[in-house]
Amino acid sequence: MILELNSALSDKLRILSAAAKYDVACTSSGVSRKSKKGELGAAEAAGICHSFAADGRCVSLLKILFTNECIFNCKYCINRCSNDVPRTSFTPDEICQLTMEFYRRNYIEGLFLSSGVMQSPDYTMELICETLRKLRIEYKFNGYVHCKAIPGASPGLVEMAGWYADRMSVNLELPTEAGLRELAPNKTRKNILTPMRQIQAGMAESRAVLGMKGGNQSSYWYTQKRMGRSLPGSNESLESAARYTSSNITVENKDNNINENSITDVSIKTKGNVLAQWNRNDTSRGFVPAGQSTQIIIGATGESDYQILSVTEALYQKFDLKRVFYSAFVNVNNDSSLVVNGGQPPLHREHRLYQADWLLRYYGFAAGEILSENRPFFNTYLDPKCDWALGHMEYFPVEINTAPYNTLLRVPGIGIKSAGRIVNARKTGRLDFNSLKKMGVVLKRAIYFITCNGRMMYDFLKVEEDYITRNLVSGETDIVKGFGDNITYKQLTLFDDFQIGKI
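Report on the accompanying structure. Just so we're clear, the structure is a prediction, and the values are computed from it rather than from any experiment. (Residues numbered from 1 in each chain as written. Predicted model: local features only at pLDDT ≥ 70, side-chain atom pairs only at ≥ 80, totals over all residues. Heavy atoms only, no water.)

A short note on the sheet that holds strand E4 (residues 167-169)
The pairing of strands in a sheet comes from backbone hydrogen bonds and takes either a parallel or an antiparallel form.
Step number 1: The sheet built from six strands is open, its strands ordered E1-E2-E3-E4-E7-E8 with parallel pairing. Every interior strand has two partners, whereas the edge strands, strand E1 (62-65) and strand E8 (323-328), have only one. Neighbour-to-neighbour, the strand axes of the sheet open up by a mean angle of 20 degrees, direction not taken into account.
Step number 2: Alignment of E4 against strand E7 (residues 292-298), held across two bridges, turns out to be parallel. Of the residues in E7, the one forming a bridge with Ser169 is Ser293. (Pairing = 2+ DSSP bridges. Helix = DSSP H or I, 4+ residues; strand = E, 2+ residues; numbered from the N terminus. Axes fitted to C-alpha atoms, helices over the stretch in contact; angles between N-to-C directions.)

Take a look at the structure:
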């Protein structure tokens, strides 16, 4: 990259961009905001251009830490205070200058800003807020900004950041309270969930006051509404749902005897109004208009896939998150107490969680349908949707010309778009298998579970679990079945050089 940076700033950028590469950020902006006269940048709903690296990570945003100094000693973190690594920090003006220069050169479409905890959560959050204020007000940046909230920071600072950022996130880090105590003793579930609830309530209040301007509910919320399922607080109006106060948000366990369990055993009480800074110069973009997300580390502790998926479902239900991201644990500290099976990050497990997460958000599945206490781990060879279908053969085959939309979504090989196309096309005539192929249905999976006009695609096909399983797994590659010893893994940084075809 050709940037006229002094050596000190270049060194900071190299260190702090490398330190930020374990934060997952691969989403579209989720907000629509056009350009303004006298300001630089825009944030259209599909306006974040994404460049995906070979390891699947999104590298389209300028993804940096404000500082890699940290007073915490989380065992899984490269920036823990006990590590002997180069430490440095940006100033607010340096981050603003970098963001503007990268944006002008079309290298990025927005900023992803996280940070270690320097001195105290409030001190660090104050610096982040000052950075965002300068970027928006002084540098007139109107583009996309994703900001990490610091657990333990005061509600006033969290709110201030929310007025400047498009999206905010608070990392859950580990699925259970027990995992936090074991690997991140300086963090508590209460300090993590409190700002998450504050952001949720603030978004609801902002949507109510601004008439939903710039606001959006999560995909999960819409899917459950379509399925006719009741969500916590779904019977309340937006106004009543937003009547919380950040000074009176408390997090407590329903049962003191199960306080090490997942978020599903935690209740959160709120009352009053959350947003106290409506008199700011510019609140027209709304409070965190692109929603909030979180990240869970997979494989650092012993939770099952079912536990993680149940936590995910509870987060969508109780906090209306836009996304839950999963990060396969990488033992960057070479800590003998943190060993991943086989010495490799659980990338396959991460992949399965993302597939199941998609089923939760868009396909109307519940966590208890995908996995259970008796069957707590994903099938190694089959994706969660195929695995569910094979366990519920009593629902198949499905007649394409008459099945309801929600039933079509349960068929392997039929996605959201193709299910919608099927429903629309049936209004003008009956469908056959050639029509389904043109609509994008993946017939190599779907043919075992559907009929057209009462007939299957081939007469020799059998609607039997063993027969279908053998055929589905026979053509899968080793990558689907698991990662071998020859697979190497590392996160890419902003400065990694690679050639296409030689990664």
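Focus: helix H2 (residues 92-104)
Step number 1: With 13 residues, H2 extends 19 Å from end C-alpha to end C-alpha; this agrees with the ideal 18 Å at 1.5 Å per step.
Step number 2: Positive phi appears at Asn106, one or two residues downstream of H2, with a value of about 65 degrees. (Expected span 1.5 Å × (residues − 1).)

With respect to the pattern of salt bridges
Step number 1: What the rule picks out here adds up to 18 salt bridges.
Step number 2: Notably, a salt bridge pairs Lys12 with Glu94, separated by 3.0 Å at the nearest N-O pair. Of the two residues, Lys12 is situated in helix H1 (residues 7-19) and Glu94 in helix H2; the sequence distance between them amounts to 82 residues. Each member of the pair Lys12 and Glu94 is classed as buried. (Salt bridge = Lys/Arg side-chain N within 4 Å of Asp/Glu carboxyl O. Buried < 20%, exposed > 50% of the residue type's maximum accessible area, 1.4 Å probe, protein only.)

Here we look at the environment of Glu313
Step number 1: Assignment of secondary structure puts Glu313 in helix H9 (residues 305-319).
Step number 2: Overall, Glu313 belongs to the buried group, its relative accessible area being 15%.
Step number 3: Apart from residues no more than four positions distant in its own chain, Glu313 is found in contact with Tyr220, Leu360, Ala366 and Ala367. (Contact = heavy atoms within 4.5 Å.)

Let's talk about the packing of aromatic side chains
Geometry of an aromatic ring pair is reported as the spacing of the ring centres plus the angle between the planes.
Step number 1: In this structure the tally under the stated criterion is 14 aromatic pairs.
Step number 2: Relative to Tyr222, the ring of Trp221 has its centre 5.1 Å away and its plane inclined at 85 degrees; by these criteria the two rings are edge-to-face.
Step number 3: Classification of Trp221 as partly exposed rests on a relative accessible area of 24%.
Step number 4: Counting every residue linked through ring pairs, the aromatic cluster contains Phe365, Trp388, Tyr395, Phe396 and Phe449.
Step number 5: Directly above the aromatic system of Phe319 lies the positively charged group of Arg197, at a separation of 4.8 Å from the ring centroid.
Step number 6: One residue, Arg410, lies across the ring of Trp388, its end atom 5.1 Å from the ring centre. (Phe/Tyr/Trp six-rings, centres within 6.5 Å; stacked < 30°, edge-to-face > 60°. Lys NZ or Arg CZ within 6 Å of the ring centre and 35° of its normal.)

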